[in-house]
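So the chains spell out like this:
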Amino acid sequence: MSNNDRSLRVPSSSTEVDAFLNKLADLPAAADGGRGRLMFALDATASREATWLEATHIQEQMFVETAALGGLEVQLVYYRGIGECKASRWLSDAQALMEVMQKVSCDAGRTQIARVLLHAVAQTEKVRLGALVFVGDCMEENLEDLLHAAGQLRLLGVPVFLFHEGNDPVAGMAFAKIAALTKGACCKFDTSSPAQLRSLLAAVAVYAAGGRKALTEYGQRQGGAVLQLTRQMSGD
């Protein structure tokens, strides 16, 4: 896994994001001595090109929702092309994360989900990872390899939240198995309902920053799909 940790120029952003970042800088550290950490992994192969732009905008709400919980650090991971799989440095700045995503374009290639899962394992063995989010539309790998890597994440206590775009039954089955094994959840990635998608991702970010109790409280406030996600995690 290579590291795409280049110096970033920060674009202008909304007043809401600026206010959040200023607040984030003044927040006390989390109980374990640091902010929550969330890995945000994306399939950037050619089949995802039509919805890639949407994915570059949904992380803002994740930061906003976790401000009161001590903040959140996010690492962007993506794969595309022939064996290309990259990870950014850990970012607590929504503007910088958006700029990284805007520099990525889609390229034809096979899925590398196992590589993403194993990268999450390696990162967690260094510093606690609260959750892994993955957005993808297909799966072209050996399912046993994926479940072996997912099993390692379960032992480390890292849930995987998979957002499935499209209706590929092979991917749907694999994503559901990974979610169940890691005690995460699997949801549809529906760009026709961006508000719901942002809300679901914000819920995952709340979990990464504040744990299951914070997620349960957030689900009760939001209702709808977010409440369904919290129930899926608890097995209700």
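The following refers to the structure shown. The structure presented is a predicted model; accordingly, all values stated were derived computationally and were not measured.

1. Some thoughts on the overall build of the protein
Right, so step 1: For the protein, the helix and strand inventory stands at 9 helices and 7 strands.
Right, so step 2: Sorting the 236 residues of the protein into buried and exposed places 51% on the buried side.
Right, so step 3: Put simply, 80% of the contacts in the protein that link residues at least 6 apart link residues at least 24 apart.
Right, so step 4: By element, 49% of the accessible surface of the protein is carried by carbon and sulfur atoms, the whole surface being about 10,500 Å².

2. Thoughts on the packing of helix α6 (residues 143-155) against helix α7 (residues 169-182)
Right, so step 1: Packing of α6 against α7 brings their axes to within 8 Å, and their N-to-C directions diverge by 25 degrees. Taken as axis vectors, α6 and α7 run roughly parallel relative to one another. By crossing handedness, the relation of α6 to α7 is classed as right-handed. Judged by residue contacts, Leu143, Leu146, Leu147, Ala150, Gly151, Leu153 and Arg154 of α6 engage Met173, Ala174, Lys177, Ile178, Ala180, Leu181 and Thr182 from α7.
Right, so step 2: Residue composition of the contact of α6 with α7, grouped by class: 10 nonpolar, 2 polar and 2 charged.

3. Some thoughts on α6
Right, so step 1: For α6, built from 13 residues, the straight-helix expectation of 18 Å at 1.5 Å per residue is met to within 8% by its first-to-last C-alpha distance of 18 Å.
Right, so step 2: Among all positions in α6, only Leu146, Ala149, Ala150 and Leu153 are buried. Along α6, the residues classed as buried sweep out an arc of 100 degrees about the axis, all on the same side. Of the exposed residues in α6, those oriented more than 90 degrees away from the buried face are Glu144, His148 and Leu155.
Right, so step 3: Between a side-chain oxygen at the N-terminus of α6 and the backbone nitrogen of Glu144 the separation is 2.8 Å; the capping residue is Asn142.
Right, so step 4: Note on α6: the residue one or two positions beyond its end, Gly157, has a positive phi of about 75 degrees.

4. Some points on the side chain of Glu165
Right, so step 1: On the secondary structure map, Glu165 appears in the loop between β6 (160-164) and α7.
Right, so step 2: Since its relative accessible area comes to 14%, Glu165 is described here as buried.
Right, so step 3: Only 2.5 Å separates the side chain of Glu165 from the side chain of Arg48, close enough to count as a polar contact.

5. As for the nonpolar core
Most often, soluble globular proteins keep nonpolar side chains buried together rather than apart.
Right, so step 1: In terms of nonpolar packing, the biggest core is built from 41 residues, with Leu38, Val133, Phe161, Phe163 and Leu229 touching the most fellow members.
Right, so step 2: Of all the elements in the fold, those that place two or more residues in this core are β2 (36-43), β3 (72-80), α4 (94-102), β5 (131-136), β6, β7 (185-188), α8 (194-222) and α9 (224-234).
Right, so step 3: For Val133, the residues in contact, after removing those within four places along its chain, are Leu38, Met39, Phe40, Ala41, Phe161, Phe163, Leu201 and Val204.
Right, so step 4: Core analysis: the next-biggest nonpolar cluster, separate from the first, contains 29 residues, Ala87, Val121, Ala149 and Ala150 among them.

Conventions used here
Residues numbered from 1 in each chain as written. Predicted model: local features only at pLDDT ≥ 70, side-chain atom pairs only at ≥ 80, totals over all residues. Heavy atoms only, no water. Helix = DSSP H or I, 4+ residues; strand = E, 2+ residues; numbered from the N terminus. Buried < 20%, exposed > 50% of the residue type's maximum accessible area, 1.4 Å probe, protein only. Contact = heavy atoms within 4.5 Å. Areas by Shrake-Rupley, 256 points an atom, 1.4 Å probe, with all protein chains shown as cover. Axes fitted to C-alpha atoms, helices over the stretch in contact; angles between N-to-C directions. Parallel < 35°, antiparallel > 145°, perpendicular 65-115°, else oblique. Left-handed = near helix turned anticlockwise from the far one by under 90°. Nonpolar A, V, L, I, M, F, W, Y, C, P; charged D, E, K, R; others polar. Expected span 1.5 Å × (residues − 1). Arc of directions from axis to C-beta. Polar contact = N/O pair within 3.5 Å; in protein donor to acceptor, adjacent residues only side chain to side chain. Core = buried A, V, L, I, M, F, W, Y, C linked by side-chain atoms within 4.5 Å.

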